[in-house]
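Given next are the chains, with one letter for each unit.
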Amino acid sequence: MKRIILIGVGAILVTIAMAASCTRIDAGHEGIKVNLYGTGKGVSNVTLVTGRVFYNPITESVYEFPTYIQTMDYGSFTVNAKDGSVFTVDPTISYNVIPGKSPHIFVKYRKTIDEITATTLLNYVKDAYRIQFNNYTTEEIISNRQRFEHAVETSMREQFARDGFHLEQLTSGLQYPEAITQAIDAKNRAVQQAMQVENELKVAEAQARKLIVQAEAEKRANELKQQSLTPLLIQQQFIEKWDGRTPLYGNAPVMFKNVQ
């Protein structure tokens, strides 16, 4: 009886030990096995694939790093341009761990992805903007914003890649200084007003040309009528319109002379 009990207890202990020494790497994650007493700063060179992994919980640990794309919306911060103007940046990044780079990231930082995102990656973002802003004046940033944004993204992507991350997308949320914004708004209003006046002038010119054409056409028609009204034509028109009767208005013509 005691033997059966001992066997049962042993089986339970083995089951508990096996459960404690087994974990599952979820899909979209990359697992690494850490040898707590080994070389290479405690990280084995084995990258664990998705699935169930067995390890010695006494001497080893297993960590998961997500490899799917993640998005981080950082808080806004200010940066000075080359000429001293203060711009506000409100960046949002989409990134992921480059497959196979989880051991490198863990060896370098010994932090979780969330911790790295909130500290190291944020510093990379700020540094990329600070460096590029120092290369551009306010006017150059406004007139060449696309080139500026591309320079920031290229610098950031290179820095991310050196640490094992891939920058998928960057949105800067760049905001101009208040004085610059007001100047741009005033310029836009002036341009819109000028366009409106120009359109009104075009309409007025078109209407004036229409009236001129109509007046010239009427003048030409009257000239043609005057040229065509010869005495013979007037007489012919009178004859055509006469009904053969003596007019009832004015003095009647005297047909016979009174001889008395």
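What counts and how
- Residues numbered from 1 in each chain as written.
- Predicted model: local features only at pLDDT ≥ 70, side-chain atom pairs only at ≥ 80, totals over all residues.
- Heavy atoms only, no water.
- Helix = DSSP H or I, 4+ residues; strand = E, 2+ residues; numbered from the N terminus.
- Buried < 20%, exposed > 50% of the residue type's maximum accessible area, 1.4 Å probe, protein only.
- Contact = heavy atoms within 4.5 Å.
- Areas by Shrake-Rupley, 256 points an atom, 1.4 Å probe, with all protein chains shown as cover.
- Polar contact = N/O pair within 3.5 Å; in protein donor to acceptor, adjacent residues only side chain to side chain.
- 1 Å grid on protein atoms, 1.4 Å probe; cavity = no way out; pocket = protein on both sides within 12 Å on 5 of 7 lines; lining within 4 Å.
- Points joined across faces, edges and corners; volume = space filled by probe spheres on them.
- Nonpolar A, V, L, I, M, F, W, Y, C, P; charged D, E, K, R; others polar.

S.K.: Honestly, the overall build of the chain in this entry has me stumped. Any pointers?
M.R.: Broken down by element type, the chain carries seven helices and ten strands. Counting over 260 residues, the chain shows a buried share of 25%. Of all intrachain contacts in the chain linking residues separated by at least 6 positions in sequence, the fraction that spans at least 24 positions is 68%. Looking at the chain as shown, the accessible area adds up to about 18,500 Å², and 57% of this sits on carbon and sulfur atoms.

S.K.: So what exactly am I meant to see when it comes to the environment of Asp83 here?
M.R.: Along the chain, the position of Asp83 falls in the loop between β7 (77-80) and β8 (86-89). Sequence-wise, Asp83 and Thr137 are 54 residues apart; in three dimensions their C-alpha atoms are separated by 5.4 Å. Contacts of Asp83, omitting those with residues within four sequence positions, involve Thr137 and Thr138. For Asp83, the side chain forms a polar contact with the main-chain nitrogen of Ser85, separated by 3.5 Å.

S.K.: Just checking my understanding: could you explain the layout of surface pockets for this structure?
M.R.: A probe matching the size of a water molecule, rolled over the atoms, marks out where space remains unfilled. Of the volumes computed, that of the largest pocket is approximately 160 Å³. Lining the largest pocket are Tyr63, Glu64, Phe65, Pro66, Gln70, Phe106, Arg110, Lys111, Thr112, Ile113 and Asp114. Elements with a minimum of two residues in the lining of the largest pocket: β5 (60-66) and α3 (113-133). Ranked by residue count, the leading element in the lining of the largest pocket is β5, at four residues. By residue class, the composition of the lining of the largest pocket is five nonpolar, two polar and four charged.

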